[in-house]
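Summary of structural features
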Amino acid sequence: MAPAHYLKNEMIMTSSVPLGIAHHFPRVCARLRFVALLGLLGLVSTLVRADTVVSGDITANTTWFAAQSPYVVTADLAIRINAKLTIEAGVTVYMGAGAGLGVESGSVLAMGTTQNPIRVTSQKLQSGQPAAPGDWNQWVFGSGTVDTRIENTIIEYGKGISVNAAASAPWQRQRQKR
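Now for a look at the structure at hand. Throughout this document, residue positions are counted from 1 along each chain, in the order its sequence is written. Where local features are concerned, this predicted model is filtered to residues with pLDDT of at least 70; where side-chain atom pairs are given and counted, the filter is 80 or more; whole-chain, interface and lining totals use all residues. The basis for every side-chain value is the complete set of heavy atoms in the structure, and neither hydrogens nor water enter the calculation.

1. Some details on the overall build of the protein chain
The number of helices and strands found in the protein chain is one helix and 15 strands. Each residue is placed in one exposure class: buried if its accessible area under a 1.4 Å probe, protein chains only, is under 20% of its type's maximum, exposed if it is over 50%, and partly exposed if it falls in between. Across the 178 residues in the protein chain, those meeting the buried criterion constitute 33%. Considering only contacts in the protein chain between residues 6 or more positions apart, those separated by 24 or more positions represent 45%. In short, Shrake-Rupley with a 1.4 Å probe defines the accessible areas, and a residue's cover is counted only from the protein chains shown. By element, 58% of the accessible surface of the protein chain is carried by carbon and sulfur atoms, the whole surface being about 10500 Å². Per the convention used, a helix needs a DSSP run of H or I reaching at least four residues, while a strand needs a run of E reaching at least two, with both numbered from the N terminus. Throughout, a residue-residue contact means that at least one pair of heavy atoms, one from each residue, lies within 4.5 Å.

2. Let's talk about the packing of aromatic side chains
Between the rings of Phe, Tyr and Trp (Trp by its six-membered ring), a pair exists once the centres lie within 6.5 Å; its type follows the angle of the planes, with under 30 degrees stacked, over 60 edge-to-face, and the other angles tilted. Scanning all chains against the criterion turns up one aromatic pair. With a centroid separation of 4.8 Å and 10° between ring planes, the pair formed by Trp64 and Tyr71 is classed as stacked. Taken individually, Trp64 and Tyr71 each receive the classification buried, so the pair is uniform in this respect.

3. Description of the side chain of Asp135
By the secondary structure assignment, Asp135 is in the loop between strand S9 (118-122) and strand S10 (139-145). Only 2.9 Å separates the side chain of Asp135 from the backbone nitrogen of Ala132, close enough to count as a polar contact. Each residue touching Asp135, except ones within four places of it in the same chain, is listed here: Gly96, Ala97, Gly98, Ser122, Lys124, Pro130 and Tyr157. N or O atoms closer than or at 3.5 Å make up a polar contact, with two conditions inside protein: a donor-capable atom paired with an acceptor-capable one, and, for residues adjacent in sequence, both atoms drawn from side chains.

Here is the structure:
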C-alpha cells in the first residue's frame, strides 16, 4: 500500500515513488493560507479595540482594568456612598470636553508604576486632534474623600485637581500635571 499523508481530515495518497516539491505544494499552500488567516485575524483584533465609556455615579467599588482600557469619561463622574474607584497601572483615561471626576464620599486608588503609568488626558488626542490645557474639567476631592492615593499618574490638558480643605489630600508620588 502506498504511504498516506494527512492534511486535516483529507487523506492524500501518494505513490511509493518520490514526487519532489510538487508533492508538498498542496500542504504548503494550505499552511500558508492558514498562517495568513491567523495574521489577518490578529490584525483585525488589534484594530477593533473598543473603548469603555463611563459617566454618572459610581456607588459600588469599581476597578478600571488595563485590559479594558482606554476609558472614556463623556460626562461628569461622581464617586459616592463610600465607593472606591481603583485604576490599574497602564490605564488611559480620556476625559471628554467639560467632563470631570468628583469624589463626594469614597476614594480613588490610582497606582501606576514608573514603567506603566496611568494617563488621564484629553479625549481630543484619541481622534488625532491637538490637545490644550482646559480641554476637560477637573478632578475634585470633596470633604468625604478618604484613603485616596494617586501614584505614577500623568494628568494632562485638564483644569487640574481640587482638594477641599476638609478632605484628606490625595497622596501623589511622581504625578505629572501638564
